[in-house]
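Structural features, examined
Here are the chains, one letter per residue:
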Number of protein chains: 2
Amino acid sequence: MIGVNPYFDRLRGGYLFAEINKRAESFRRQNPEKRLISLGIGDVTRPLCPEVITAMHKAVDEMSEGETFRGYGPYFGYDFLVRAIIDNDYASRGVQMDPEEVFVNDGCKSDSSGILELFSEATSISVCDPVYPVYVDAAVMTGRGGLFDENIGAYSRIDTFQCNEDNNYIPTPPDASDKRAFRGLIFLCFPNNPTGAAINAEKLSAWVEYANRTGSVIIYDSAYEAYISEDLPHSIFEIEGARTCAIELRSFSKTAGFTGVRCGYTVIPKELVCDGIVLRNLWARRQSTRNNGVSYITQRAAEAVYSPAGKEQIRETIGYYAKNAGILKDALVSCGFSVGGGVNAPYLWIRTPEKTDSWSFFDRMLERCAVVVTPGVGFGKAGEGYFRVTAFGSRETAEEAARRFRKEFAK
Amino acid sequence: MIGVNPYFDRLRGGYLFAEINKRAESFRRQNPEKRLISLGIGDVTRPLCPEVITAMHKAVDEMSEGETFRGYGPYFGYDFLVRAIIDNDYASRGVQMDPEEVFVNDGCKSDSSGILELFSEATSISVCDPVYPVYVDAAVMTGRGGLFDENIGAYSRIDTFQCNEDNNYIPTPPDASDKRAFRGLIFLCFPNNPTGAAINAEKLSAWVEYANRTGSVIIYDSAYEAYISEDLPHSIFEIEGARTCAIELRSFSKTAGFTGVRCGYTVIPKELVCDGIVLRNLWARRQSTRNNGVSYITQRAAEAVYSPAGKEQIRETIGYYAKNAGILKDALVSCGFSVGGGVNAPYLWIRTPEKTDSWSFFDRMLERCAVVVTPGVGFGKAGEGYFRVTAFGSRETAEEAARRFRKEFAK
């Protein structure tokens, strides 16, 4: 027999950015004279740094000669890149990592959905609310999400941790006695997309302790760690006990502007065991069956991010976006908005004034300021009444947006 | 609760190339003076062609400037590449294709496993025997393969079509009355890996007719179409009726030496409907949730394959490998071997002499000729008593291997 995967039909929405584009397009048609500023989609705009460019040219040249040409690479990434990752992202922060625990990929989106394949369909899943929608959609598409319940505004089999002003956007694990205590997969992302909140070692330790105590597994997405400016953990493996309960997802997309280059990596410690099975070995089998590795040229580009000059250059770019975040944050705060994020993350998460709903405020921003933001409700029910602003644009657009905010909202 | 995916445990083997490497390594240690020739793994060895190199340098330079930098690309591939694919691989052969039916990917291995996610777990799967192991392993890992039956030497839920000397390695679909008639997913790969057999329009039409009649879906892997030298279909969409029953997988890996660059594409016509659902739309939803597209630089490289000079250059490289195939085939035939493939494919599929089993003959080749081949049984039960030879090496190694064959086996 043949049948269609029945779970795709359970997906809700996924049209957030399509709806944003539709409204922005309509505004543009009606107001051709106004210059629209987009602070919506989280995509980088600064070019690749010179070290990366040089490394890619060199790698391309190698591919042009028989003696240096590379065909299929190692399934899990070239040694040169894996070593650079371990030395710079882990050893430098006092964390030991075995090369066999690092899996280079084409960006962490693929693995943040693919990782679910390691677990049975009956596995419970929990996420923060608001949340990066991929974790939820991937769970639903593979039969791990249950049905969407209109009354609670969530999927029946996906638990959520509310992140709001009250907890500074950092959830706390349930107590052992709490009826919400559970054993399952826990998706955490810090610094967070969309809220821009960053977690400290104490609060992250509480999650690690909880996961070890309940036999849960944390999928830790630290794609934005490069934006941390305060004394906070960059990796969950800086926390004692994480090697027995956590998988980490990393990406060069926001660290080095690789959204159009595609490279990231997943770390699975050998001590992480579920049902008596070493998950690292399962992932190795999965990756070697389903992938043929990442472009050699891309991996040389990623390696260059770790050279002394490369590190300096990407620090400069990250500083550029961080300054944009500061400019936007200052303007919004001066107008009386309650603004989260923007210090250790390229995102600002802002409460709408007077309990306006997200989409109404989106329309107001568009009409009055000609600025496109992202309605918070697009990231989950708890995002209602918030909006997200990204700092990835140019300095000039950040300054112009700040001027428009001040003009429209100044008290 | 949390549990491990129970299906990984059902996987058999997958250690073919590991076992080959182990025996080759042992031989090398014991015979340090002998020069080992590998005709085993199907990886290209010729450098990328000049047009591709130029295009990649240009794309890298674009990524270095703010005005031409590219962040996230379209989920399904840049227009420039999709248009080049349609014009050159389809329109030029009289086949119409809509840009929305083409999905650029990082090589067809990812999609030849991922495509299973469109279908329910209960969907029946059938493959040729011998077969490229990824289709089978991916089905097993996602719960669609059943259990391995030691008695029949196959998975309980995967049907196989025998491909052997009797049918010239081209299977025929079952008659309507045949008890083997079924409705399900049918994986076909032509020109075939491992047998090197190529299908003609008449035989491929029989499969299309069968699939339409039974409501089956054909996954057609034509990764080796560039090696076709005779008047044969390059795409299943050259066959009438294929748009309602087929998905096609293509790759630049063997066409343009992209095994280390990673680019391919999947074609799903809008008329392909299952359970009333347009599969193309389901795939679009899957891809946009699970991927962020393919490197811009890689896509410019793929586009260059279709430039007039690029086409000429890759034709030259394919001709080089084809000549290797001829040299190896002539030698083996002159020694009295029964040799399939090598005319429309870079693979030769050879019967072992005197019903020797595949691994014993592998050892004999290694010991007597210092040549590594691939034991046919590694591709399935019907591959027992065969071995595979690839033509992807240098001219010099092909000639040296041919000399050794003649010396050892000449009658």
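Residues numbered from 1 in each chain as written. Chains lettered and ligands numbered in written order. Predicted model: local features only at pLDDT ≥ 70, side-chain atom pairs only at ≥ 80, totals over all residues. Heavy atoms only, no water.

Topic: the nonpolar core
- Counting residues in each nonpolar core, the largest one holds 218 residues, and the members touching the most others are A:Ile218, A:Phe252, A:Phe258, B:Phe252 and B:Phe258.
- Setting aside residues up to four positions removed in sequence, A:Ile218 forms contacts with A:Ile186, A:Leu188, A:Trp207, A:Val208, A:Ala211, A:Ile236, A:Cys245, A:Ala246 and A:Ile247.
- A:Ile327, A:Met365, A:Cys369 and A:Val371 belong to the second-largest nonpolar core, a separate cluster that totals 33 residues. (Core = buried A, V, L, I, M, F, W, Y, C linked by side-chain atoms within 4.5 Å. Buried < 20%, exposed > 50% of the residue type's maximum accessible area, 1.4 Å probe, protein only. Contact = heavy atoms within 4.5 Å.)

Comments concerning the side chain of A:Asn193
Residue and element names in this part refer to chain A.
- One can find Asn-193 in the loop between strand 7 (185-189) and helix 6 (201-214).
- Among the residues examined, Asn-193 registers a relative accessible area of 6% and is labelled buried.
- Among the polar contacts made by the side chain of Asn-193, one reaches the side chain of Arg-388 at a distance of 2.7 Å.
- Once residues within four sequence positions are removed from consideration, Asn-193 is found in contact with Val-131, Tyr-132, Tyr-224, Tyr-347, Phe-379 and Arg-388. (Helix = DSSP H or I, 4+ residues; strand = E, 2+ residues; numbered from the N terminus. Polar contact = N/O pair within 3.5 Å; in protein donor to acceptor, adjacent residues only side chain to side chain.)

Some points on the state of the cysteines
- Enumeration according to the criterion identifies zero disulfides over all chains in this entry.
- Free of any disulfide, A:Cys189 has its nearest neighbouring cysteine sulfur in A:Cys108, separated by 8.1 Å.
- Cysteine B:Cys163 is unpaired, with the sulfur of B:Cys128 as its nearest cysteine sulfur at 3.9 Å.
- Residue classification places B:Cys163 among the buried positions, given a relative accessible area of 3%. (Disulfide = S-S within 2.5 Å.)

Description of the sheet that holds strand 14 (residues 347-351) of chain B
Residues and elements named next belong to chain B.
- In space, the four strands of this open sheet follow the order 13-14-17-16, with antiparallel pairing throughout. Both edges of this open sheet fall to strand 13 (339-341) and strand 16 (374-375), since each of them pairs with a single strand only.
- Judged from the two bridges that link them, strand 16 and strand 17 (residues 386-390) form a sheet pairing that is antiparallel. When the bridges of strand 17 are listed, Thr-374 appears paired with Arg-388. (Pairing = 2+ DSSP bridges.)

Let's talk about helix 2 (residues 50-62) of chain A
- Between its first and last C-alpha atoms helix 2 of chain A spans 18 Å; for 13 residues at 1.5 Å apiece the expected length is 18 Å, and the two agree.
- Where helix 2 of chain A is concerned, the buried positions are A:Val52, A:Ile53, A:Ala55, A:Met56, A:His57, A:Ala59, A:Val60 and A:Glu62.
- The inward-facing, buried residues of helix 2 of chain A abut helix 9 (296-304) of chain A together with helix 2 (50-62) and helix 9 (296-304) of chain B. (Expected span 1.5 Å × (residues − 1).)

Some details on the pattern of salt bridges
Residue and element names in this part refer to chain A.
- Tallying each qualifying case throughout the model produces 50 salt bridges over all chains.
- Measuring nitrogen to oxygen at the nearest pair gives 3.3 Å for the salt bridge that ties Lys-270 to Asp-98. Linking Lys-270 in the loop between strand 10 (264-267) and strand 11 (273-274) with Asp-98 in the loop between helix 3 (79-90) and strand 2 (102-105), this pair joins segments that are 172 residues apart in sequence.
- Take Lys-270: its relative accessible area is 31%, and that puts it in the partly exposed class. (Salt bridge = Lys/Arg side-chain N within 4 Å of Asp/Glu carboxyl O.)

Topic: the domain arrangement of chain A
Residue and element names in this part refer to chain A.
- Each assigned domain of chain A is listed here: domain 1 (8-47 + 311-409) and domain 2 (53-308).
- Taken over C-alpha atoms, the centre of domain 1 sits 26 Å from the centre of domain 2.
- Each partner contributes to the interface: domain 1 provides 32 residues, whereas domain 2 provides 44 residues.
- For the pair domain 1 and domain 2, the summed buried area comes to about 3200 Å², and 56% of that belongs to carbon and sulfur atoms.
- Residue Arg-351 is joined to Glu-165 by a salt bridge in which the shortest nitrogen-to-oxygen separation is 3.3 Å.
- At the level of elements, helix 10 (308-334), strand 13 (339-341), strand 14 (347-351) and strand 17 (386-390) are the ones that each hand at least two residues to the side of domain 1 that touches domain 2.
- Of all the elements, helix 10 adds the most residues to the side of domain 1 that touches domain 2, at five residues.
- Considering only residue class, the side of domain 1 that touches domain 2 consists of 16 nonpolar, eight polar and eight charged. (Domains from an automatic or database assignment. Buried area = accessible area lost by both parts, 1.4 Å probe. Nonpolar A, V, L, I, M, F, W, Y, C, P; charged D, E, K, R; others polar.)

Overview of the packing of aromatic side chains
- Counted according to the given criterion, the structure contains 60 aromatic pairs over all chains.
- For the ring pair B:Trp207 and B:Tyr210, a centre distance of 6.2 Å and an interplane angle of 80 degrees mean the geometry is edge-to-face. Residue B:Trp207 and its partner B:Tyr210 are located together in helix 6 (residues 201-214), separated by three residues, close to a single helical turn. For the pair B:Trp207 and B:Tyr210, a shared accessibility class is recorded, and that class is buried.
- Chaining the aromatic ring pairs together yields one cluster made of A:Tyr224, A:Tyr227, A:Tyr320, A:Tyr321, A:Tyr347 and A:Phe392.
- Between B:Arg395 and the ring centre of B:Tyr320, over which it is positioned, the NZ or CZ distance is 4.4 Å. (Phe/Tyr/Trp six-rings, centres within 6.5 Å; stacked < 30°, edge-to-face > 60°. Lys NZ or Arg CZ within 6 Å of the ring centre and 35° of its normal.)

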